Each structure stands twice: as C-alpha cells, then as structure tokens.
Amino acid sequence: MTDYKSTLNLPRTDFPMKANLAQREPEMLKRWYDEDLYGQIRKVSEGRPRYVMPDGPPYANGDIHIGHAVNKILKDIVIKSHTLAGFDAPYVPGWDCHGLPIELMVEKKYGKAGQKLDARAFRAACREYAGKQVDRQRADFKRLGVLGDWDRPYLTMNPRYEADELRAFARILERGHVYKGFKPVHWCMDCGSALAEAEVEYADKTSPAIDVRFRVVDEADFLARFDAQTAVKGPISIPIWTTTPWTLPANQAVALNAALDYVLVEVELSAGPERLLVADALLAEVMKRYGAGKYEILGRATGQAFERVLLAHPFYDRRVPVILGDHVTTDAGTGAVHTSPGHGQEDFAVGQKYDLPIDNPVGSNGVFLDHTPLFAGEHVFKANPKIVELLRDRGMLLHHATIQHSYPHCWRHKTPVIFRATPQWFIGMDTNGLRRQTLDEIKKVQWMPGWGEERIRLMVANRPDWCISRQRTWGVPIPLFIHKQTGEWHPDTLDLIEKVAERVEKDSIDAWFELDPAELLGADAAQYEKVTDTLDVWFDSGCVHYAVLERRPDMGLPADLYLEGSDQHRGWFQSSLLTGVAMRGKAPYQAVLTHGFTVDAQGRKMSKSIGNTVAPQQVMKTLGADVLRLWVAATDFSGEMNVSDEILKRMADSYRRMRNTLRFLLANLNEFDPAKHAVDPDRMIALDRWLLERLTALQDEVETAYRDMGFHQIYQRLHNFCVRDLGGFYLDVIKDRQYTAQADSLARRSCQTAMYHAAEAMVRWLAPILSFTAEEAWSHLPGERPAAVMLTTWYATPAASVPQPIDWSFVLRVRVEVARELERLRVAGEIGSSLDAAVDLYCEAAAYNALAPLGDELRFALITSEAHLHPAADKPADAVAASDCEGVYIAARRSANDKCVRCWQRRPDVGSSAEHPELCGRCVENVAGEGETREFA
C-alpha cells in the first residue's frame, strides 16, 4: 500500500498539547516584568477613555488565602477586559498597613511599646514587619497573573499616603463633621481600644439572663397614674430583663415605651405577694418564666403614664427615674429596659434626652475601677455571678437562667467586646446632614448584585456616629491641639494640620508623635495639649479615593468601580462612601460589585480545623494559575463560591478542552500567512462564512458579558463554542477539506482564513481569564502583531456582503438526527466510523429546499461517505422520522464502496485510476494538483 501521508496537509504546531502551567507560567511571568508589559500597556493606552478601579487594600499580615485570590483575579479580569475594550485601565495595587494585628505581631517579639523598644523603634519594627508581609503577598498576587503597578503600589504606611490622610481629615473637619464626645463605643478589652462597626462581628455567647426588681419609691404616686386596686398588699416593682448584669452598677434609669400597654398584676411568688408592672403583650410569657400559676390584673395604662416615676436601684442607694424610649419593644424581656448610658448606644441616646449621668465604672482592661462600690477590681464578666448573688441576697432577683445568644466580638481576637463610654473622636452621622447626603448618594450608585443597595442603605440609616479614634501606637495620628481649659481645638487647626502633613510626608507619622507643640504653636503651646489618639484603620483605607485616585495623575475621580467581598458593605465600601460624602458631598464611586465568600463543595466555611481549605499557592504549584483563574471566572461569584480539589480537577479538564481547541486552530495555521493567504469573506465557502457570522455574534455576547461582569457566562459561552460549534461541528466537518485538498486551493485557504479569524478572536476573549495560555497562544499565531495580546483590543471579524445560502442551524439539527441513526448502526456492528455509512434523507418541501443547496457537500456536513436527498414521498417503510427536524426521514446503511486510503471515504470511483488504484477520484486529482474547489463545505 502506497504511503500518501506526505500529500496531506497535516496539522503541525509548537504550541504543546500538555500545558505544564506550573512550570511555564513563572517563565512567562518573568518575561512580562523583564519587558515591563504593564508599562507597555499604559503606553499604548494613552489617550483612551479612562477606566478607574482602585484596589481595596488587603491587610499586610499573613499569606494570601483563596479569598484573596478570588478578589485579585476578579479585579484583573475587569481591568484586562476593559483594556481590550479600548479603555486606559490602570491598576494600582495597595495594602492596609497600620493597626493592631501588626502591633500584636511585633509585641510577640519585643513586648509592648516602651518595654524593649521605645515608641519610635516600635513603629519602625511595625513598618518593617508590614513591609515584609507586603513583599510576600505581592509575590503571590503577581504569580496569579495579575498585572499592575507592583513597583509603585500605595501603602497606607507610606509617608505620602499618611500625609494625604491627614489632609483628608482636615477637609472633613472643615466641613463640620468631626466632634469629640464622651459616649459608649464597642471596646475590645484585649485591644484596649475602641472598635469601629466594621471591626465587630457577631458570634454565639453564653450569658446569664436575669429578671431584676426595681422597686417603686412612691407607691401612692404610682397607683394614682391609673385606676388600680389600692387595697392589695405587696411591694410594687417594675421588673427588667438583662443578659449583662455587669452593667447594673452603671444603671441610671428604667425605660418604658410610651405607646405600649402595661398592666399592673398581683402575683403570689415565693417571697410573698407583690405587684409587678409588665407589658401586656409579654404578660403570659413573664408569668410563666416566674412560675406564677395565678395572677390578677389590677390596672392598665400606657407607658406614657409612668414617665419620671422614681425607682430604687436594686443594690445601690440611688433613685432612678422611669423614662420613655422607642427602643423598648416586646420582642423579649418584660417591656421595661434597664438603662446605663455609659454602656449602650440606645441607652446613651435616650440618656441624652433625659440628661442622665453617663457613668462608666469600667477601665480599659474590662475591670471595675477602684471607686466602684462592691465590685472594685473585678473583671466585668467575672463579676456577673457575684452581681446575681447580690441581687438574690437582697431579694431583687426574680429569675435567673443561662442563654446562648448572638453577641458582638472583636473580629481580630474573636473575644466578646463591651460597650464602654470613653472620650473619643467621632464623625457625626447627623451633623451637617451627612447621613441624609450619604443615603441620597447610595441611590446614584449602581450596586451589583442589586441587593447590595438595600443592604448598605440600612447600615447607613441605622449606624451610630463613626468613632474614628483609636488608642494605638502604630497608626496615623489625629493631628489636633486641644485647649486645656475649654477643650476646643486651636483656631488655626486647618493650617496646623497642613504643616503637620508636610512634616509627616518627609518623616512619616513619627513627625507628629515626636513633635514639640512649641515648634508650631510658639508661646501658645502651654495652653494646648497634643492629641495622642490614632485614626481608625477603616479611615486609613477609606481615604484611598483621595490619597490615590485624586492625588495620582494616572488615576482619577470618581472611580468607575469598587470591587470587594460582600462583607465590605460594612467595611471599605461604607468607609469610602462616608469619607467621600464628608469631603465632597459625593460618593467616590459610580458602581460597586460584590463577590461572595469561598466555601467547600458541601457549602461549609473554609476552616483549617475541618481541613477543607484550598491554598492558592498549592493550586498554582500543581494545576497552574490559569486553572485557578478559570474556576473564578466559571463560578457565579454573586453568591457563595464552592471550591475543592475535586472541583479544580474538573476545571482542569475544561481548561484542557479549551486549550486543545486553540491548539487545533494553531496547528492548522502552521504555514498560513494572513497577508498572502487570507480569503475575502465574499469568496469564502458558505460553511466558513457561517463561522465568521458565529464569531461576530459571539463577540457581541462576550463584550456584553465582560461589560456586565457576567464572567461565568463568558466561560459557558466559550466552553460551548469550543465543544459544540468548533469541536462538535465545524472543525469536524472541515478536517477532510483541510487535510486532503490542495495546500493552496480556495477550499483550504477559505477554512484556514476562518480558523485564523477564530483564533484571533478567541485568544482575546480568553486573555482576561486565561492570561498565561492566551499569551502563549498569541506567540504562535501567524502574521505581524504586537508583542503581547494585551497590547491590542477586541478583534473585529470581517463580514461577507453576500447572503448566506445555507440554513446551518437546520443542518446542525439534521446532523444530530443522522448521528443518532449512525450510532445505532455502530452499536449493531454494521459500521465502524461514520465514514463507513451511506445516508438517504427523504424530505418534505421545506426541509428539502433547506438542504438542497448543499448538493454533494451534504455528505461532508454529515461526515458520511454518501448522502443523498430525496422527496419524502419516496421514503421506504424503514425510514426513521427525525424527532427534531419536521419533514425529514432517515435511512442509513453501510456503504458498499471501497475505502480510499487517503481520505478514508468509501467512494464508487476508488480504484478507477491505474496510477493510484487505492484512491478515490477526488484524491487522485488533489494528489495530481488538479483538485476542484468545492463550493459550500
């Protein structure tokens, strides 16, 4: 048998089938940075419309985890897709570098500031530690394939950033939003500092739940407030229910709701008869809790009737009034709320209304101060049982139980926090209309997903004033001088802050902490004291829109997009929004995109104790960054994102299918020169024009999906395009033409041209997601081109001006029906491959007319050796009706013809040539250089 292999146009490429991503990606990464690819992109993007997306800074502590990888990959996809869409889209990465976690790491080595290291040396150690963490994280982020200005990131510990943060503070101060107040804030006893709302998380805690009697002092006055039976014996009390007994020493009042109905009941308890005032809606529940089988209602009145009734504190010689507040509900308890203005936001607010004392007997370490009667030196949580016993001994305890409930915890220490009134600096939510302006701005922002708008609206509508002061060593200072007598800040404060900012820009925050006030205040220095508090780290990162977007020439305001995890509605999204509105009256962003958290395949939170974590570093070492990137893109990130080793392995299979499709295209373009060989669309064969039309339609879909951040839709469309349109149809059909036609024939050049356009478009579609693979494929594409795919824009597929003669969607459906019949023959052992078969199609008029333009090309479209078209009226009895193609009947059989050894088709003219007895007539002509140009397929 003659070997005709050399006469075939067999595919050939250096683009390897095996990706070896873990080995190849670092090499490509080195080249990108050696050649300054990011700088090249910036240069070719000059003059384009700007697209700005700032980096929400990760914290510079610890190695990156899978959540970090998701966040950075999503941002990279956004930036790269907008670059390809014709925007100038810079990416400036950043890090959050101040705050307690870094302090704690330094304390482990050196102790607290002032022990082994003085404050300056301690801050230097914090800066050094944060710098090393930044370097570690930066290396991993770059390894993910994330392009950015990695040599010039913003760091909140950079002196320039610190100085600009002071300038931002000055602008907020100038607009009247900053004040100092003595009010309760979340206080972490481990941090020894106030916490912002975003630094508090909620977790279950076991607490004592007690009901406590507050005795009415003047019973006659009390009973006169409603029509009650005065002859009944027993003391009168208003019971309260609380899960924080330790706050009782600071109690200053009992609050009722003015609009609620209250009842005075006579009840017989173990201590004897007594009268209790309880909310009517809670009466049955309260009586059950107290074990009272019988009780009698003596009178009714609304809460309004009892305002300013005096009660006896349960263990101190103190009279406390009944006050009214809307925060009192009937969700739990008794309808009466014990009120300690020094230990709660709502208590503080209602206490202000009634001018109650703000008593905070608790120190920064959570221990009662020395002047606290009965409990001096006791830790608040350890004092709880002692307070319960004291109440029991004094006959003031009505009920005691233990409950598990949601309670605020420090997000760093995972320990319970307390509310504690301290002098702190605040941004007032309702001073100068900040809350109202912020709520108005929220409506103007595009929130993705849409539920994000309502979430942040509720948070802003209900949040207390923002406590922006912290008691830290490692943080940006609050640069104020306060008059020692009046408590007012210096009249030249704005000018002074700018002078401080200039010094900080040169010498970092040490310039403030080591500043002698006389250097700026002169003779006035003796009258003023320097504030030693630092700014909340959420204020640090919340100033990115000023310190980075407004101050860097390569960025700009407002940002087109902020992109972070869903927890940032209470964190960075909100702190940026509040500072932006406080500074300019406008939101710093036009759109906000939220992604969900990573969970395992069963939907469980990632946990080292469970052993279900997936380390991105390990994935990159084994499967490669592109597989990780593909998983991120393929997952609907608006909800929880499931990931596991098994899920990533399946994603690697999908990656291989897409890579192999690219490889097939490149392999069949091995000697194709688009400048010489590309065929004008009007001259291209009909099937090849179909591919151009499909590329154009898919380009629109891909561009829209990238613009709308529907990355999982892009994955689905491209994967289906590779598997169905190309692998399952087009590439399957054109193999015969590509391999067996003359090398320079129109038939072959037409399909090569179509594959060339497909490869050009597909490499760009994949570039934002499979960045390494797209770049690798780019280097194997034929023709003159820029050095990297990211130096281009979306590909414009040319279109034919002549109409498409074939309804290819109908042909595709017929193919499926025929394949079903051929599979039946194969299972029965009658044929091996589809080229062993002959097919007759019997069609009604509409179907006949749709298929007739194919002529003899019908067999190539069906990948059979024979395919004949007949009127439906001639169908034999054994013809099978197509289920999805109305008016089509199929009769399939094994072809009786001999097989051509070159094209493997079974044709009646095999052996007709004496010179080439093993070839069909078409292959004889192609080998002789006289092959025909087929019209359609």
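Above this text is the structure in question.
Residues numbered from 1 in each chain as written. Predicted model: local features only at pLDDT ≥ 70, side-chain atom pairs only at ≥ 80, totals over all residues. Heavy atoms only, no water.

### Focus: empty space enclosed by the protein
It is a probe the size of a water molecule, rolled over the atoms, that shows where empty space is left. A full pass over the atoms with the stated rule returns 7 cavities of 30 Å³ or more. Size it by volume and the largest cavity reaches roughly 80 Å³. Around the largest cavity, the lining comprises 12 residues; the ones closest to its centre are Leu195, Glu197, Gln345, Asp465 and Cys467. For the lining of the largest cavity, the secondary structure elements donating two or more residues are β3 (178–188) and β17 (466–467). Considered class by class, the residues forming the lining of the largest cavity number 7 nonpolar, 2 polar and 3 charged. (1 Å grid on protein atoms, 1.4 Å probe; cavity = no way out; pocket = protein on both sides within 12 Å on 5 of 7 lines; lining within 4 Å. Points joined across faces, edges and corners; volume = space filled by probe spheres on them. Helix = DSSP H or I, 4+ residues; strand = E, 2+ residues; numbered from the N terminus. Nonpolar A, V, L, I, M, F, W, Y, C, P; charged D, E, K, R; others polar.)

### Thoughts on helix α10 (residues 380–393)
Over its 14 residues, α10 extends 20 Å from the first C-alpha to the last, a length consistent with the 20 Å expected when each residue adds 1.5 Å. Packed against the buried residues of α10 are β5 (200–216), β14 (397–410) and β15 (418–427). Where α10 terminates, the next one or two residues include Gly395, which has phi positive at roughly 75 degrees. (Expected span 1.5 Å × (residues − 1). Contact = heavy atoms within 4.5 Å.)

### Examining the sheet that holds β3
An order of β4-β3-β15-β17 is seen for the 4 strands of this open sheet, with the pairing classed as antiparallel. This sheet does not close on itself; its edge strands, each paired only once, are β4 (193–194) and β17. As defined by bridge partners, β3 adjoins β15 across 10 bridges and the pair is classed as antiparallel. Across the sheet, the residue bridging to Trp187 is Ile418, located in β15. Each of β3 and β15 is contacted by helix α9 (residues 345–353), which is oriented at about 145 degrees to β3, the strand it contacts most. (Pairing = 2+ DSSP bridges. Axes fitted to C-alpha atoms, helices over the stretch in contact; angles between N-to-C directions.)

### Brief notes about the layout of surface pockets
Each pocket or cavity is described by its volume, and for the largest pocket that value is around 2,100 Å³. Residue lining of the largest pocket: 50 residues in total, with His65, His68, Trp411, Asp567 and Phe597 positioned closest to the centre. Of all the secondary-structure elements, those providing two or more residues to the lining of the largest pocket are α3 (66–84), α4 (100–110), β5, α16 (537–542), β22 (562–565), β24 (598–599) and α19 (616–622). Ranked by the residues each element gives to the lining of the largest pocket, the list is headed by α3, at 7 residues. A class-by-class count of the residues in the lining of the largest pocket yields 21 nonpolar, 17 polar and 12 charged. Residue lining of the second largest pocket: 34 residues in total, with Thr243, Gly344, Glu346, Asp347 and Phe419 positioned closest to the centre. Residue assignment for the lining of the second largest pocket shows that the elements contributing at least two residues are β6 (236–242), β13 (337–339), α9, β14 and β15.

### Section: the packing of helix α11 (residues 434–444) against helix α18 (residues 572–584)
Orientation of α11 relative to α18, taken along the N-to-C sense of each, is 115 degrees, at an axis distance of 10 Å. When the axis of α11 is compared with that of α18, the two are roughly perpendicular. The two elements α11 and α18 cross, and the hand of that crossing is right-handed. Only Leu577, Leu578, Val581 and Ala582 of α18 make contact with α11, whose side of the interface consists of Leu434, Gln437, Thr438, Glu441 and Ile442. (Parallel < 35°, antiparallel > 145°, perpendicular 65-115°, else oblique. Left-handed = near helix turned anticlockwise from the far one by under 90°.)

### Describing the pattern of salt bridges
Two side chains bearing opposite charge may form a pair once their charged atoms approach each other closely. Tallying each qualifying case throughout the model produces 66 salt bridges. Between Asp510 and Arg120 there is a salt bridge, with the nearest N and O atoms lying 3.7 Å from each other. With Asp510 in helix α14 (residues 510–513) and Arg120 in helix α5 (residues 119–143), this residue pair connects regions lying 390 residues apart in the sequence. Judged by relative accessible area, which is 10%, Asp510 ranks as buried. We note a salt bridge from Glu550 to Arg171, for which the minimum N-O separation is 3.3 Å. Pair noted here: Glu550 is in helix α17 (residues 544–550) and Arg171 is in helix α6 (residues 159–174), with a separation of 379 residues, a long-range link. Overall, Glu550 belongs to the partly exposed group, its relative accessible area being 36%. Members of the salt-bridge network, linked through shared partners, are Arg160, Asp164, Arg167, Glu498, Glu505 and Arg551. (Salt bridge = Lys/Arg side-chain N within 4 Å of Asp/Glu carboxyl O. Buried < 20%, exposed > 50% of the residue type's maximum accessible area, 1.4 Å probe, protein only.)

### A closer look at the side chain of Thr594
Relative to the helices and strands, Thr594 is located in strand β23 (residues 591–595). A relative accessible area of 3% means that Thr594 is categorised as buried. Here His569 takes part through its side chain, which lies 3.5 Å from a polar atom of the side chain of Thr594. Apart from residues no more than four positions distant in its own chain, Thr594 is found in contact with Met448, Pro449, Trp451, Glu564, Gly565, Ser566, His569, Phe573, Phe637 and Ser638. (Polar contact = N/O pair within 3.5 Å; in protein donor to acceptor, adjacent residues only side chain to side chain.)

### With respect to helix α30 (residues 921–928)
All of the buried residues in α30 are Gly921, Arg922, Cys923, Val924 and Asn926. The inward-facing, buried residues of α30 contact α24 (711–740) and α29 (858–862). Following α30 by one or two positions, Gly929 has its phi on the positive side, about 85 degrees.

Coordinates in, geometry out; function isn't part of it.
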